[in-house]
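Chain by chain, the residues:
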Amino acid sequence: MTGLIHPADLQALWVTLLLAMVTTLVLLVVGTPLAWWLARGRSRLRSAVEAVVALPLVLPPTVLGFYLLLAMGPSGPLGGLSLAFTFTGLVLGSVVYSLPFVVQPLRDAFAAVSEQALESAACLGAGPVARFRCVVLPLSGTSYLTGAVLGFAHTLGEFGVVLMIGGNIPGETRVVSIAVYEHVEALDYGRAHVLSATLLVASFLMLLVIYARRGRR
């Protein structure tokens, strides 16, 4: 397959895969405590936080990217970090954009864990960390797989957010979705087809893993 892909497009594919991998890891780390709090917390702010987490599901990606760009701008709260048009900025934008695809499956799994199971583990002397590791994680394995695959696949297909905050810097912020758009604009349908087919097959295989796992369960 690599022989069919233009070197510049191969570079864009690598940036996309790296972005998806880093974003997924960050999402799992950040999403786990957030999902636990949303599932088991009793704060009055829980509904508001849940709505904020779900915003990327309804907001146009360009709107989300625009406000992230403002936040990373010179006068924004993140302006001092120089994140705009960098790979790190893309990771931050991707985490925000794909957050609900990881948090929501984990939240549902955590909410389904019975209090009786947690109380039984506590009676056996298990602390909070041990209860989470020995009780919650085994019961949430499928949801972790679902969240990881959805977060990864969703990041692969980003366009509006990465275009707004990352631009089109080869080897740094140029991802596959932007490369496909460029090829279509240039009427180079051959290169656009190769990249699009690569993502299509990859996305299908990842979703197939999720549904096959659910079917076995």
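Residues numbered from 1 in each chain as written. Predicted model: local features only at pLDDT ≥ 70, side-chain atom pairs only at ≥ 80, totals over all residues. Heavy atoms only, no water.

Draft legend 1. Main features of the nonpolar core. With 32 residues, the main nonpolar core has Leu19, Phe110 and Val175 as its most contacted residues. If you list the elements that add at least two residues to this core, you get helix H1 (7-40), helix H3 (61-72), helix H4 (87-112), helix H5 (115-123), helix H6 (128-139) and helix H8 (160-166). In terms of residues, this core owes the most to one element, H4, which gives 10 residues. Residues contacting Phe110, with those up to four places away along its chain left out, are Thr32, Ala35, Trp36, Ala39, Arg40, Phe132, Val136, Ser140 and Tyr144. (Core = buried A, V, L, I, M, F, W, Y, C linked by side-chain atoms within 4.5 Å. Buried < 20%, exposed > 50% of the residue type's maximum accessible area, 1.4 Å probe, protein only. Helix = DSSP H or I, 4+ residues; strand = E, 2+ residues; numbered from the N terminus. Contact = heavy atoms within 4.5 Å.)

Draft legend 2. The packing of H4 against helix H7 (residues 141-156), seen in detail. Axis separation between H4 and H7 bottoms out at 9 Å; the angle between their running directions is 165°. By the angle between their axes, H4 is roughly antiparallel relative to H7. Of the two possible hands of crossing, H4 and H7 adopt the one that is right-handed. On the side of H4, the interface is formed by Ser94, Tyr97, Ser98, Phe101, Val102, Pro105, Leu106, Ala109 and Phe110, while H7 contributes Ser143, Tyr144, Thr146, Gly147, Leu150, Gly151, His154 and Thr155. Of the residues belonging to the contact of H4 with H7, the class tally is nine nonpolar, eight polar and no charged. (Axes fitted to C-alpha atoms, helices over the stretch in contact; angles between N-to-C directions. Parallel < 35°, antiparallel > 145°, perpendicular 65-115°, else oblique. Left-handed = near helix turned anticlockwise from the far one by under 90°. Nonpolar A, V, L, I, M, F, W, Y, C, P; charged D, E, K, R; others polar.)

Draft legend 3. Summary view of the packing of aromatic side chains. Scanning the model with the defined rule gives six aromatic pairs in all. Relative to Phe132, the ring of Trp36 lies with its centre 5.6 Å away and its plane at 85°, an arrangement referred to as edge-to-face. Taken as a pair, Trp36 in helix H1 and Phe132 in helix H6 lie far apart in primary sequence, 96 residues in all. Geometrically, the ring pair formed by Phe159 and Tyr181 is tilted, given 5.3 Å between the ring centres and 55° between the ring planes. Here the residue Phe159 occupies a position in the loop between H7 and H8, and Tyr181 occupies one in helix H9 (residues 176-185), the gap between them amounting to 22 residues. A relative accessible area of 29% places Phe159 in the partly exposed class. One aromatic cluster in this structure is built from Trp36, Phe110, Phe132 and Tyr144. (Phe/Tyr/Trp six-rings, centres within 6.5 Å; stacked < 30°, edge-to-face > 60°.)

Draft legend 4. Quick peek at the side chain of Ser140. Here Ser140 is to be found in the loop between H6 and H7. The residues touching Ser140, leaving out its near neighbours within four places in the chain, are Ala109 and Phe110.

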